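# Survey of secondary and tertiary structure
Here is how the chains run, residue by residue.
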Amino acid sequence: MSAIRGARERARAEVTAAIKDEARRQLAAEGAAKLSLRAVARELGMVSSALYRYFPSRDDLLTALIVDAYDAVGETAEAAGRTAGVGVAGGAPRGPSAGHLDRWTAVACAVRDWALAHPHEYALIYGSPVPGYTAPQDTVGPASRVGLLLIDVMRDAHGTEGLAVPPSDAGLRPEAERMAADLAPDLPPAAVAALVAAWAQLFGLISFEVFGQFNRVVEAREPFFRQAVRELGRSVGLLRDSP
């Protein structure tokens, strides 16, 4: 019985993967707004009712693709962080020592590399909202992975006196304290507010490149990006390029 169950599970996993692969091809060709379960089923030679046993609705399929995309970019960033000496958020062991700005830059560059290699999946999670779709709670954890990793870089710096708390307007103090309480209670509120701004600017830089806004504006894009993200690291208070 266990062998039969195992074969069924493998078959289901294979069909699920095939459905997702075809859906990603449709995303690339038509965009998320035009994703259709019927079209996916047709391309796979399935009847729609069979596909519904795997994904009951278009939104369920979109959610699976979104979670996969967030997990993929998160895993890429975490691997770069480990190589540069940053453990993943949650207390994983650290790797070889590196400077805080080096770690920050390695994570940011890994996210950019993933986005350029997977522009349609990047657009799904960081582009325009899909009409009629509301992301469920299931997406929150995967969506947080890169942000938590950047917080971890800040936490490491703060713990080794490698973080200079950036200045903050008095009018922002209540909001900075709220963000710190929600995101990183062990970090200075002004640093957390600066981090949220830098996080938004990081993805702004990547989106400008992925969506073509840098065409005829920035030619040497990799050194431009690297310099920009190092400046973002300095803006949040990261002090050292090397140990």
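Residues numbered from 1 in each chain as written. Predicted model: local features only at pLDDT ≥ 70, side-chain atom pairs only at ≥ 80, totals over all residues. Heavy atoms only, no water.

## Topic: the pattern of salt bridges
- A full pass over the atoms with the stated rule returns 17 salt bridges.
- Put simply, Glu-78 and Arg-145 hold a salt bridge, and the shortest N to O gap is 2.8 Å. With Glu-78 in helix α4 (residues 58–84) and Arg-145 in helix α8 (residues 145–159), the pair connects residues that are 67 residues apart, well separated along the chain. By the burial criterion, Glu-78 is buried, and Arg-145 matches it.
- Look at the salt bridges and you will find they share partners, linking Lys-20, Asp-21, Arg-24, Asp-68 and Glu-121 into a network. (Salt bridge = Lys/Arg side-chain N within 4 Å of Asp/Glu carboxyl O. Helix = DSSP H or I, 4+ residues; strand = E, 2+ residues; numbered from the N terminus. Buried < 20%, exposed > 50% of the residue type's maximum accessible area, 1.4 Å probe, protein only.)

## Some thoughts on helix α11 (residues 221–235)
- Taking 1.5 Å of rise per residue, 15 residues should cover 21 Å, and α11 covers 21 Å from first to last C-alpha, within 8% of that figure.
- Among the residues of α11, Phe-225, Ala-228, Val-229, Arg-230, Leu-232 and Gly-233 are the ones counted as buried.
- Buried-residue contacts for α11 involve α5 (100–117) and α10 (189–210).
- After α11 finishes, the residue Gly-237 shows a positive phi value of roughly 110°. (Expected span 1.5 Å × (residues − 1). Contact = heavy atoms within 4.5 Å.)

## Describing unusual backbone geometry
- Even without being a glycine, Glu-161 presents a positive backbone phi close to 60°.
- Counting through the fold element by element, Glu-161 comes out in the loop between α8 and α9 (173–183).
- Phi at Arg-216 takes a positive value of approximately 65°, unusual for a residue other than glycine.

## Side note on the layout of surface pockets
- Here the largest pocket defines a volume of roughly 270 Å³.
- In terms of lining, the largest pocket is formed by Ala-143, Ser-144, Gly-147, Leu-148, Leu-150, Ile-151, Asp-182, Leu-183, Val-192, Leu-195, Val-196 and Trp-199.
- Within the residue set of the lining of the largest pocket, elements represented by two or more residues are α8, α9 and α10.
- Broken down by class, the residue content of the lining of the largest pocket amounts to 9 nonpolar, 2 polar and 1 charged.
- The space that makes up the second largest pocket amounts to roughly 180 Å³.
- Going through the elements one at a time, α4 and α6 (119–126) are the ones with two or more residues in the lining of the second largest pocket.
- When its residues are assigned to classes, the lining of the second largest pocket shows 9 nonpolar, 3 polar and no charged. (1 Å grid on protein atoms, 1.4 Å probe; cavity = no way out; pocket = protein on both sides within 12 Å on 5 of 7 lines; lining within 4 Å. Points joined across faces, edges and corners; volume = space filled by probe spheres on them. Nonpolar A, V, L, I, M, F, W, Y, C, P; charged D, E, K, R; others polar.)

## Side note on empty space enclosed by the protein
- Throughout the structure, instances matching the rule amount to 1 cavity of 30 Å³ or more.
- Residue assignment for the lining of the largest cavity shows that the elements contributing at least two residues are α10 and α11.
- With 3 residues, α11 is the single largest residue contributor to the lining of the largest cavity.
- Class assignment for the residues of the lining of the largest cavity results in 4 nonpolar, no polar and 2 charged.

What is shown is where atoms sit, not what they do.
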